[in-house]
Amino acid sequence: MLTAFARAFKTPDLRKKLLFTLGIIVVYRVGTNIPIPGVDYKNVQFCIDQANASQGLFGLVNMFSGGALLQITVFALGIMPYITASIILQLLTVVIPRLEALKKEGQAGTAKITQYTRYLTIALAILQGTGLVATARSGALFSGCQVASQIVPDQSIFTTITMVICMTAGTAVVMWLGELITDRGIGNGMSILMFISIAATFPSALWAIKKQGSLAGGWIEFGTVIAVGLVMVGLVVFVEQAQRRIPVQYAKRMIGRRSYGGTSTYIPLKVNQAGVIPVIFASSLLYIPALIAQFSSGTSGWKTWVEANLTKGDHPIYISLYFLLIVFFAFFYVAISFNPEEVADNMKKYGGFIPGIRAGRPTAEYLSYVLNRITWPGSLYLGLIALVPTMALVGFGANQNFPFGGTSILIIVGVGLETVKQIESQLQQRNYEGFLR
């Protein structure tokens, strides 16, 4: 492994890409620590040190921003508006015929959809930035902190607009940095920035678990969490790499004196075909009632019920709803992202068939049957992985930022595997050996 890394830095063009990516990462991390105008940085740090941050409502966005959200910095919104915009456009592609036609146009259509994603990202950044500023001004960003209402001392309209513009511009810069990595660096830029944001929260979360521990100064709890994390990483790598390969045979065709086709290939159907999207959907949907209850006035019955059952990560109702929503969204996302009928039609058009299955409708039914069978274990696996932080909260007394579980471990392992594969493929263009021998 060390030899492969040394070989990567000895290759001039690959070294240039790696150093460029590392430079962009440094710029991104610097931006996550620059506070925006109008924020009393001392009061923000005081509330964070008091460990009274409302992690239930803002934990997911704070994780995707690398801890910048609760510090209200220039990159406070992080990559989350772009992720949300991408998911919305992907869902609308199935519903709106115009977007579906653009998707089928190839590179030109993809560029147009990317442009729409950028516009939607800016609109969502304005919306989320306004919500964050309003939350900070009301003192609801930090629950129980004595100076929470003094985070934004000047509550004039001009200061509010300036703060929203700064955060929106920060989101646009983050989007630009991600596209720079994609074009001139290694891996997918948005995924790399997401990876860095999540990894940046690991040291503080692990050290918080150590400080909260009571056995041998917290070192036993610390070592236990590290051991559980290694097992979790191994399990996630095993499942993320698991796939069902559907064999496909292409018939031979004679054109003149030459024969074409006759090759054998396969359709890889991953066990976790939906990736981390169901977890993000389920988390976002469960945050909406709690967010509405937080900003509503009065003590109505529904508000009391929501605050009692849907704001605590260890409540049985919250756990059950979270798990069921993940399973539902796993099937929903697989259904809209993989179309068996379209795949069967393309196979039939190019003379391909699955051995033992007739082309056309029987092939589509067979693919649907296999996809449903492997989506069940994939959705259950996603639900169990997402509940690991809750188990840690109940079993270890750790906070909800337990690093090895849920969305964080899925994204880190997935992005890490894809990036290593890209580096390995570029190494194998020049050497026979990559990272894996």
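Rules used throughout
Residues numbered from 1 in each chain as written. Predicted model: local features only at pLDDT ≥ 70, side-chain atom pairs only at ≥ 80, totals over all residues. Heavy atoms only, no water. Patch = residues over 30% accessible without salt bridge, like charges linked within 9 Å, V, L, I, M, F, W, Y side chains within 5 Å. Areas by Shrake-Rupley, 256 points an atom, 1.4 Å probe, with all protein chains shown as cover. Salt bridge = Lys/Arg side-chain N within 4 Å of Asp/Glu carboxyl O. Helix = DSSP H or I, 4+ residues; strand = E, 2+ residues; numbered from the N terminus. Pairing = 2+ DSSP bridges. Expected span 1.5 Å × (residues − 1). Buried < 20%, exposed > 50% of the residue type's maximum accessible area, 1.4 Å probe, protein only. Arc of directions from axis to C-beta. Contact = heavy atoms within 4.5 Å. Axes fitted to C-alpha atoms, helices over the stretch in contact; angles between N-to-C directions. Parallel < 35°, antiparallel > 145°, perpendicular 65-115°, else oblique. Left-handed = near helix turned anticlockwise from the far one by under 90°. Nonpolar A, V, L, I, M, F, W, Y, C, P; charged D, E, K, R; others polar. Core = buried A, V, L, I, M, F, W, Y, C linked by side-chain atoms within 4.5 Å.

### Overview of a nonpolar patch on the surface
And then number 1: Together, I88, L92, V94, V95 and I96 line one region of the surface with nonpolar side chains, adding up to about 380 Å² of accessible area.
And then number 2: Summarising the element assignment, V95 is placed in helix α6 (residues 80–95).

### Some details on the pairing of strand β1 (residues 243–250)
And then number 1: Pairing of β1 with strand β4 (residues 264–270) involves 7 bridges; the strand directions are antiparallel. Directly across from P247, in β4, lies its bridge partner Y266.
And then number 2: Note that β1 and strand β5 (residues 352–353) share 2 bridges and pair antiparallel. Pairing of Q249 across the sheet is with F353, part of β5.

### Looking at helix α2 (residues 12–31)
Working note: α-helix, 3.6 residues per turn, so residues spaced by three or four point in the same direction.
And then number 1: The terminal C-alpha atoms of α2, which comprises 20 residues, lie 29 Å apart, in line with the 28 Å expected from a rise of 1.5 Å per residue.
And then number 2: For α2, every residue scored as buried is listed here: L14, L18, T21, I24, I25, Y28 and G31. Down the axis of α2, the smallest arc covering the buried residues is 145°, so these residues share one side. Projecting away from the buried face of α2 at angles above 90 degrees are the exposed residues P12, K16 and V26.

### Let's talk about helix α12 (residues 219–241)
And then number 1: A rise of 1.5 Å per residue sets the reference length of α12, with its 23 residues, at 33 Å; its end C-alpha atoms lie 33 Å apart and thus fit the reference within 8%.
And then number 2: Of all the residues in α12, the buried ones are E221, V225, G229, M232, V236, V239 and E240.

### Some thoughts on the sheet that holds β5
And then number 1: Here 3 strands make up an open sheet; going across it, the order is β4-β1-β5 and the pairing antiparallel. The open sheet is flanked by β4 and β5, the only strands paired with a single partner.
And then number 2: On the sheet, helix α17 (residues 361–386) packs against β1 and β4 and is oriented at approximately 165° with respect to β1.

### So, the packing of helix α16 (residues 340–349) against α17
Axis angle and axis distance: for two packed helices, these are the angle between their axes and the distance between the axes, and together they describe the pair.
And then number 1: Viewed as axis vectors pointing N to C, α16 and α17 meet at an angle of 135°, and their least axial separation amounts to 8 Å. Between α16 and α17, the interaxial angle falls into the category oblique. Considering how the two elements wind past one another, α16 and α17 form a crossing that is right-handed. Taking contact as the criterion, the partners of P340, E341, V343, A344 and M347 in α16 are, on α17, T363, A364, L367 and S368.
And then number 2: Looking at the contact of α16 with α17 residue by residue, the class counts come to 6 nonpolar, 2 polar and 1 charged.

### Some remarks on the nonpolar core
Considering soluble globular proteins, one finds that nonpolar side chains tend to be buried as a cluster.
And then number 1: Residues L269, V279, Y322 and L410 are the most contacted members of the largest nonpolar core, which totals 67 residues.
And then number 2: Leaving out residues up to four positions away in the same chain, V279 has contacts with Y322, I326, L382, A386, T407 and L410.
And then number 3: Counting 22 residues, the second-largest nonpolar core is a separate cluster that includes I72, V147, V152 and V164.

### Thoughts on the pattern of salt bridges
And then number 1: Tallying each qualifying case throughout the model produces 3 salt bridges.
And then number 2: The salt bridge involving R118 is made with E179; its shortest N-O contact spans 2.8 Å. Placement of R118 in helix α8 (residues 107–138) and of E179 in helix α9 (residues 157–184) is noted, with a sequence separation of 61 residues between them.
And then number 3: With a relative accessible area of 28%, R118 lands in the partly exposed category.
And then number 4: When the shortest N-O distance is used, the salt bridge between R361 and E365 registers 3.2 Å.

### Comments concerning the environment of F338
And then number 1: With respect to the secondary-structure elements, F338 resides in the loop between α15 (316–337) and α16.
And then number 2: Each C-alpha atom, one on F338 and one on L371, is 9.1 Å from the other, the two residues being 33 residues apart in sequence.
And then number 3: Those residues in contact with F338 that sit more than four places away from it in its chain are L269, Q273, V343 and L371.

Function cannot be inferred from these measures alone, as they are strictly geometric.
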